[in-house]
Amino acid sequence: MTPAVQDNHLQPEELNAFIDGEPLTPGGRDIRQHLEACHRCAWRAVTATQLKAATARAGQRFSPSPEVLARLTASLRTPQNQEPQQSTPHAVIRRASFRPAAAWWALAAAVLLVVSLASLVEVRQARQSNAVVAELLDQHLAAIAGSAAPQVISSDRHTVKPWFQGRLPFSFNLPEPNTLPPDTILRGADLVYLEDHPAALLLFNIHKHQVSVFVTQSAGGFTVAPRATRSGFAVRSATAAELRLTAVSDVNPTELEALLRSLAAVQ
Amino acid sequence: MMIHVQIQTAVSALSRNTRTGCSEAHVTMSSAIPGPTFEQLALPLLPSLYSHACWLCRNHAEAEDLVQETISKSLRAFDSFQPETNFKAWIFRILRNAFLTSKTGIAASRTVFLEDHADLLETSDSGPTPEEQILRLDNQAVVNEALDQLQPPLREVLLLCDVEEMKYKDIALVLDIPVGTVMSRISRARRALLQLLQTHFRESL
C-alpha cells in the first residue's frame, strides 16, 4: 500500500454510496481502484456489506397476516366505499352489501381478491426464498473471505462431527474421505445461524473451488428451492433423514450435486 | 489480493439483489401509454407499506390503520402523482406524513433528535480498526436487537435504504430532506448500529 493511499482512506459516505450502488459524485475518485490498493478500506467494505445484508434481514421482521392483507387489498378494491377522514379502516369490510342483484359482482370481486391474494402470497414466498438464498450466499462469501476463521479446521471427520456435540439440537454423519467425489476434501466447519436456526457449516474444497454446505433440520427451518443460481454461485439443496443439506459454491453444479449425494447417503 | 476479489463479488451480489428488489418496488409509469392504475401500483407494495408502518408504529393494529389511511389519502391524491417519478417513494412519503400527524407520530416527534451535523457528529477515522469491525453478523437475533435500539430517525433511513432498497434521492423524497443529509444519516446509522453490535459482542465475551 502506498503512503498516499494509506493516508487517504475512504470517507464513510463514499463507502456507503459504493455498497448502496449509488452513482459516484462527478469528479470523485475511483472507489474500486482504491479498494484494490487499500487493505483497510477493503475490510471496511466487507464489514459494511455484511452489515447491510444483516440489516435487510432484520428489517423484514414484520409481514401482514393473510387476514390483514385481505383487508388492505379490499380497501384498494372498494375506493367508492371510503369516506375521506371519517371512515374507519375495518368498516370497509363490514359495509359489503349482499343484495341479490349484486351477487354476481360480489362473486367476481371475491374471485379477483383470491387471485390477488394468491399472487401476493407468491410474491411474499418468493421474497422470503430470495432472502434465504441471499443469506446463504452472504454466509458463503463471509466464509471464503476469511473474515472469521472457522472454529474447526480439520479434514478429519472424527474431529469435525464431535465438535458439534452440545452445539446443535440434532446430529449428522460425515462420509469417509474415500466415498467423497474425486478431489473433494473436507477443510473444516463452523456453527452458524440461518433464519435464526442453528446450522452446521461444513467447508469443502472441490478442486480449487470452495464449497459451503449448510446442515439444518428440515422441519421448522427455512425452505429453499432445490436448485438456484445467484450471482454466479450455484445453490443446491436436498433433504435426507430429517436434515436439509444446502450447498453453495461457484464449482460446476454437477460436482456440487455429487457432493450433496455423498453427504445424503450417510445420513 | 484474494480479499479484494471477494469484496467485489459480495458487493456485486448485493447490487444484484438490490436491482431485483427494485424491479418489484420501483414502479414508474410511461407517459406515452396509458399508465397502470393506482391498484396495480399499490397492490405489490402492501407488504412493504405494512412492514414499514409496523416499524413506525410498533403496533400491528395501528400499522394496519396507518396503511388504510395511506391508501385512502394516496388514492385521493393520485391525480397529482407524476408518472415519471417513483410511485413507491411517493406513497411512502404519504405513509410517513400520515404517521407524523397520528397520535403515535406526534408523541414520537417530541423526542429530540440531533440533526445531521456531519462536522459535529462524524469523526471520519476515530472508530475501531477495520479488523475490529469484522463482527460475527450471523447471529441474527443480536442484529434484530441492535436495530430495535437504534434511534428511530436512524433506523428509518436504514430501513428505507437496506430493506426497501430505495435510492438516496427517493429516500430524500420520503423523508423530505436533502440527499446530502440522507448520506450522512445513513453513515451515522450504520456506525451507531455497528457500535451497538460491538458493545454486545464485547459484553458477551
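Placed above this text is the structure.
## Section: the overall build of chain B
Here is step 1 of the chain: Assigned secondary structure in chain B consists of 12 helices and zero strands.
Here is step 2 of the chain: Its helices and strands in sequence order give chain B the pattern α-α-α-α-α-α-α-α-α-α-α-α, from N to C terminus.
Here is step 3 of the chain: Within chain B, buried positions represent 54% of all 205 residues.
Here is step 4 of the chain: Accessible area for chain B stands at about 9,300 Å²; split by element, carbon and sulfur atoms hold 57% of it.

## Description of the pairing of strand S4 (residues 209-217) of chain A
In regular strands, side chains alternate between the two faces of the sheet.
Residues and elements named next belong to chain A.
Here is step 1 of the chain: In this structure, strand S3 (residues 197-206) lies alongside S4, joined through seven bridges in antiparallel fashion. The residue bridging alanine 200 from the neighbouring strand is valine 215, located in S4.
Here is step 2 of the chain: The pairing of S4 with strand S7 (residues 243-249) spans seven bridges and is antiparallel. Across the sheet, the residue bridging to valine 211 is serine 249, located in S7.

## So, helix H11 (residues 168-175) of chain B
Side chains of residues three or four places apart in an α-helix project in the same direction, reflecting 3.6 residues per turn.
All names here are of chain B.
Here is step 1 of the chain: A large share of H11 lies buried, amounting to six of its eight residues.
Here is step 2 of the chain: Inspection of H11 places Tyr168, Asp170, Ile171, Ala172, Val174 and Leu175 among the buried residues, and these make up the whole buried set.
Here is step 3 of the chain: One or two positions beyond H11, positive phi appears at aspartate 176, with a value near 60 degrees.

## Some words on the pattern of salt bridges
Here is step 1 of the chain: All chains considered together, the criterion is met by 16 salt bridges over all chains.
Here is step 2 of the chain: One salt bridge in this structure joins lysine 167 of chain B and glutamate 22 of chain A, with 3.9 Å as the shortest N-O distance. Taken as a pair, lysine 167 of chain B in the loop between helix H10 (152-163) and H11 and glutamate 22 of chain A in the loop between helix H2 (12-19) and helix H3 (31-37) lie in two separate chains rather than in one.
Here is step 3 of the chain: For arginine 236 of chain A, the salt bridge identified is with glutamate 257 of chain A, shortest N-O distance 2.8 Å. Taken as a pair, arginine 236 of chain A in strand S6 (residues 233-240) and glutamate 257 of chain A in helix H9 (residues 253-265) lie far apart in primary sequence, 21 residues in all.
Here is step 4 of the chain: Judged by its relative accessible area of 9%, arginine 236 of chain A falls in the buried class.

## Let's talk about the environment of leucine 196 of chain B
Residue and element names in this part refer to chain B.
Here is step 1 of the chain: The residue leucine 196 is located in helix H12 (residues 179-204) in this model.
Here is step 2 of the chain: With 53 residues separating them along the chain, leucine 196 and valine 143 place their C-alpha atoms 8.9 Å apart.
Here is step 3 of the chain: Not counting residues up to four positions away in its chain, the partners in contact with leucine 196 are Ala146, Gln149 and Leu150.

## Focus on the pairing of strand S2 (residues 184-194) of chain A
All names here are of chain A.
Here is step 1 of the chain: Burial analysis of S2 places eight of its 11 residues in the buried class, the great majority of the element.
Here is step 2 of the chain: When strand S1 (residues 152-153) meets S2, the two strands line up antiparallel, connected through two bridges. Residue pairing across strands places isoleucine 153 opposite glycine 188, the latter belonging to S2.
Here is step 3 of the chain: Pairing between S2 and S3: 10 bridges, direction antiparallel. Counted as the bridge partner of alanine 189 is leucine 202 from S3.
Here is step 4 of the chain: What sits between the antiparallel neighbours S2 and S3 is a turn of two residues, in which glutamate 195 has the positive phi angle 50 degrees.

## Brief notes about the side chain of serine 212 of chain A
Residues and elements named next belong to chain A.
Here is step 1 of the chain: Within the element layout of this structure, serine 212 appears in strand S4.
Here is step 2 of the chain: A distance of 2.6 Å separates the side chain of serine 212 from the side chain of histidine 140, its partner in a polar contact.
Here is step 3 of the chain: Serine 212 has contacts with His140, Ala143, Leu201, Leu202, Leu203, Thr246, Ala247 and Val248, leaving out every residue within four places of it along the chain.

## Notes on the nonpolar core
Here is step 1 of the chain: Counting 64 residues, the largest nonpolar core has Phe38, Val67, Phe87, Ile91 and Ile171 of chain B as the members making the most contacts within it.
Here is step 2 of the chain: Tallying contributions element by element places helix H5 (residues 87-100) of chain B first for this core, with nine residues.
Here is step 3 of the chain: Not counting residues up to four positions away in its chain, the partners in contact with isoleucine 171 of chain B are Val157, Leu160, Cys161, Met166, Val182 and Ile186 of chain B.
Here is step 4 of the chain: With 28 residues, the next largest nonpolar core counts Phe164, Leu168, Leu202 and Val213 of chain A among its residues.

## Description of the state of the cysteines
Here is step 1 of the chain: Within the structure shown, the criterion is met by zero disulfides over all chains.
Here is step 2 of the chain: Left unpaired, cysteine 41 of chain A is separated from the closest cysteine sulfur, that of cysteine 38 of chain A, by 3.6 Å.

## A closer look at unusual backbone geometry
Here is step 1 of the chain: Even without being a glycine, alanine 241 of chain A presents a positive backbone phi close to 50 degrees.
Here is step 2 of the chain: Tracing the backbone through its elements, the reader meets alanine 241 of chain A in the loop between S6 and S7.
Here is step 3 of the chain: Notably, aspartate 176 of chain B is not glycine yet its phi reads approximately 60 degrees, a positive angle.
Here is step 4 of the chain: In this structure, aspartate 176 of chain B sits in the loop between H11 and H12.
Here is step 5 of the chain: Owing to a relative accessible area of 56%, aspartate 176 of chain B belongs among the exposed residues under this scheme.

## Quick look at the packing of helix H4 (residues 60-76) of chain B against H5 of chain B
Helix-helix packing: each pair is described by the crossing angle between the helix axes and the interaxial distance.
Residue and element names in this part refer to chain B.
Here is step 1 of the chain: For the pair H4 and H5, the least separation of the axes is 9 Å and the interaxial angle reads 120 degrees. Considering their axes alone, H4 and H5 lie oblique with respect to each other. Seen along the crossing, H4 lies across H5 with a hand that is right-handed. From H4, Leu66, Val67, Glu69, Thr70, Lys73 and Ser74 reach across to H5, where they touch Trp90, Ile91, Ile94, Leu95, Ala98 and Phe99.
Here is step 2 of the chain: Of the residues contributing to the contact of H4 with H5, the split by class is eight nonpolar, two polar and two charged.

Cut-off values and rules
Residues numbered from 1 in each chain as written. Chains lettered and ligands numbered in written order. Predicted model: local features only at pLDDT ≥ 70, side-chain atom pairs only at ≥ 80, totals over all residues. Heavy atoms only, no water. Helix = DSSP H or I, 4+ residues; strand = E, 2+ residues; numbered from the N terminus. Buried < 20%, exposed > 50% of the residue type's maximum accessible area, 1.4 Å probe, protein only. Areas by Shrake-Rupley, 256 points an atom, 1.4 Å probe, with all protein chains shown as cover. Pairing = 2+ DSSP bridges. Salt bridge = Lys/Arg side-chain N within 4 Å of Asp/Glu carboxyl O. Contact = heavy atoms within 4.5 Å. Polar contact = N/O pair within 3.5 Å; in protein donor to acceptor, adjacent residues only side chain to side chain. Core = buried A, V, L, I, M, F, W, Y, C linked by side-chain atoms within 4.5 Å. Disulfide = S-S within 2.5 Å. Axes fitted to C-alpha atoms, helices over the stretch in contact; angles between N-to-C directions. Parallel < 35°, antiparallel > 145°, perpendicular 65-115°, else oblique. Left-handed = near helix turned anticlockwise from the far one by under 90°. Nonpolar A, V, L, I, M, F, W, Y, C, P; charged D, E, K, R; others polar.

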